[in-house]
Structures are given as structure tokens and as C-alpha cells.
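Chain by chain, the residues run as shown.
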Amino acid sequence: MNVWLDEVPSLDTPNLRDVQQISGDTLNRLAADRKLLTRLVDEILHDPERLANSRSTLLLNRLSLYQAPERGFEVHLNLNVRPDNQRAPHDHCYTFATRILTGGYVHVVRLRTDTGSGAFSERNLEPGIVTIEHPGSAYTLGHSMVHQAAMEPGSVTLCVRGPRRKATAELMPPSDAWPAPAEPGAEIAESRPMNEHEYRLTRSWLFLHDLID
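Residues numbered from 1 in each chain as written. Predicted model: local features only at pLDDT ≥ 70, side-chain atom pairs only at ≥ 80, totals over all residues. Heavy atoms only, no water.

A. The arrangement of the confidence of the model for the protein chain in detail. This prediction gives the protein chain a mean pLDDT of 88; 92% of its residues lie at or above 70. The secondary-structure element of the protein chain with the lowest mean pLDDT is helix α4 (residues 83–87), recorded at 72, while helix α2 (residues 34–43) shows the highest, at 97. (pLDDT = per-residue confidence, 0-100. Helix = DSSP H or I, 4+ residues; strand = E, 2+ residues; numbered from the N terminus.)

B. Seen up close, the sheet that holds strand β9 (residues 156–164). Read across the sheet, seven strands follow the order β7-β4-β9-β3-β2-β1-β10 without closing on themselves; strand pairing throughout is antiparallel. Strands at the two margins of the open sheet, each flanked by one partner only, are β7 (138–141) and β10 (191–193). Ignoring which end each strand starts from, the neighbouring axes of this sheet average 25° apart. Strand direction decides the pairing type here: strand β2 (residues 61–68) and strand β3 (residues 73–79), joined by seven bridges, are antiparallel. Paired with N61 across the two strands is L79, which belongs to β3. Here helix α1 (residues 16–32) sits on the sheet in contact with β2, β3, β4 (94–102), β7 and β9, set at roughly 30° to β4. (Pairing = 2+ DSSP bridges. Axes fitted to C-alpha atoms, helices over the stretch in contact; angles between N-to-C directions. Contact = heavy atoms within 4.5 Å.)

C. Layout of the sheet that holds strand β5 (residues 105–112). Pairing within the open sheet is antiparallel, and its three strands lie in the order β6-β5-β8. The open sheet terminates on both sides in strands that have one partner only, identified here as β6 (125–133) and β8 (146–151). Each adjacent strand pair in this sheet contributes to an overall mean axis angle of 20°, direction not counted. As judged from the six bridges shared by β5 and β8, these two strands associate in the antiparallel manner.

D. Looking closely at the nonpolar core. In this structure, L30, L63, L65, L77 and L206 are the most contacted members of the largest nonpolar core, which totals 33 residues. Of all elements in the fold, only α1, α2, β2, β3, β4, β9 and α5 (196–208) reach the threshold of two or more residues within this core. Every residue in contact with L65, bar those within four places of it in the chain, is listed here: L30, L37, L40, V41, I44, R50, V75, H76, L77 and L158. Counting residues in hydrophobic clusters, the runner-up holds 16 residues, among them L60, Y94, Y105 and A149. (Core = buried A, V, L, I, M, F, W, Y, C linked by side-chain atoms within 4.5 Å. Buried < 20%, exposed > 50% of the residue type's maximum accessible area, 1.4 Å probe, protein only.)

E. How the structure looks around the packing of aromatic side chains. Within the structure shown, the criterion is met by four aromatic pairs. Pairing F96 with Y139 gives two aromatic rings, centres 6.4 Å apart and planes at 75°, and the pair type is edge-to-face. Here F96 is found in strand β4, whereas its partner Y139 is found in strand β7, with 43 residues between them in sequence. Side by side, F96 and Y139 carry an identical accessibility label, which is buried. (Phe/Tyr/Trp six-rings, centres within 6.5 Å; stacked < 30°, edge-to-face > 60°.)

F. Highlighting the side chain of R71. As for its position among the elements, R71 is in the loop between β2 and β3. A relative accessible area of 14% means that R71 is categorised as buried. At a separation of 3.4 Å, a polar atom in the side chain of R71 contacts the main-chain carbonyl oxygen of D6. At 2.7 Å, the side chain of R71 forms a polar contact with the backbone oxygen of V8. Discounting residues that sit within four places of it in the chain, R71 has contacts with L5, D6, E7, V8, S10, L11, D12 and Y66. (Polar contact = N/O pair within 3.5 Å; in protein donor to acceptor, adjacent residues only side chain to side chain.)

G. Examining the pattern of salt bridges more closely. A complete count under the given rule lists eleven salt bridges for this structure. One salt bridge connects E43 with R39, and the closest N-O pair in it is separated by 2.8 Å. In this pair, E43 and R39 are both assigned in helix α2, four residues apart and thus about one turn of the helix distant. On the basis of relative accessible area, E43 is assigned to the partly exposed category, the value being 25%. Here R50 and D47 are joined by a salt bridge, their closest N and O atoms 3.0 Å apart. Judged by its relative accessible area of 9%, R50 is buried. What you see here is one network of salt bridges that share partners, running through R39, E43, D47 and R50. (Salt bridge = Lys/Arg side-chain N within 4 Å of Asp/Glu carboxyl O.)

Here is the structure:
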């Protein structure tokens, strides 16, 4: 069955203002479309590709709600944040836009002082813009930007991410802070697929907190 997300324009563009406009409209509309949000969450269990792309990462857990690789974007639902890692300055491999559904956080966008020569580290950062994000707040960040967040427990966000622009992030919490492996004895990784049990727990949590039907 077609949904209005199928008509969202491509986000495979370097123009951050275009990304902000398209992503903002998409996030606002989806946040108000509870029926579709519920349907997208429920479909994950029956879609092996989206289930494999619903992941436990070093920053948070995410559900892959919608994928449009031919238009350069994906829609996520983010929750179960790892507070210590979120507070560490970090960047992403893609441009993204976020809208807060519940909870909130103190958000800091840091200023880069590196010249592009040599290794980039936290020493190449200065304090930047500090904002208080609350339900309904939204922002867009380019892939080179560095930020950090002190999130309230139970915070949930919608996210539209664009295509990958670099192989790995430049700043990352240490490996001892990465999520636990899915099975005992398995190697840890900065990001791993969410298993079916974790998906079901996540779906139940969203229902109990009145975010989906």
C-alpha cells in the first residue's frame, strides 16, 4: 500500500537548507500521523530488511521506519539513549534532521577549530550553541558538525537521515562504552542489528507510553 512518504523528494543534495525544509515537513507530518507511525512500527517485524536495519548503537536504539535509498533518505525512531555516550561530543556519517516526540534534552553544537590537516580530536572543539530541546523541537545538522546531548530518560525522537557522506565518524566514544553484544561471547560493535526480542520490547514500550496504538 502506498503512503505519502512515497512522494517525499530526494534528500541526496548538498544543500542543507533544502534538506532542512524537506526533512522538517516530513517529520512534522509523520509526528501528527499516529496511524501511519503505528503501522510503520508494526511492519518492521515482517520486513527482514528493516528489522536488520533497526539497530542497537553506541548512542541509542533505533527502529527503521521507512527506507528510500533511491531518494537518499531513511526515517528512524530513536529511543533508549545511552546518556554517557550522548553527552560525549560526536559527529555522524550523514546529514540528518530530528524532531522530539517526548522527553527532551540540553543540546550543544560545538565549533570546530581544526584546519583540515592532521588528526581531528576533541581538542579541536570550542563551545558553540546551546539549546533546550522539548517535544515539538526540531533541528538539522550536516555530517561535519559536532554535537552532544544530555537527554531526559524516556526521550523519543523521529529522525530523517540522508545518504552516507563518509565511511566513519571522526569522533566516537571508546569501545568499552559500546552496546552489549546480542549474544554472550559475541564481539561488541558500535552498531548491531536489533534482535526480535528487543524489537518486541521496544514496540511494547512505545505502546505503554502512548506513542503508538
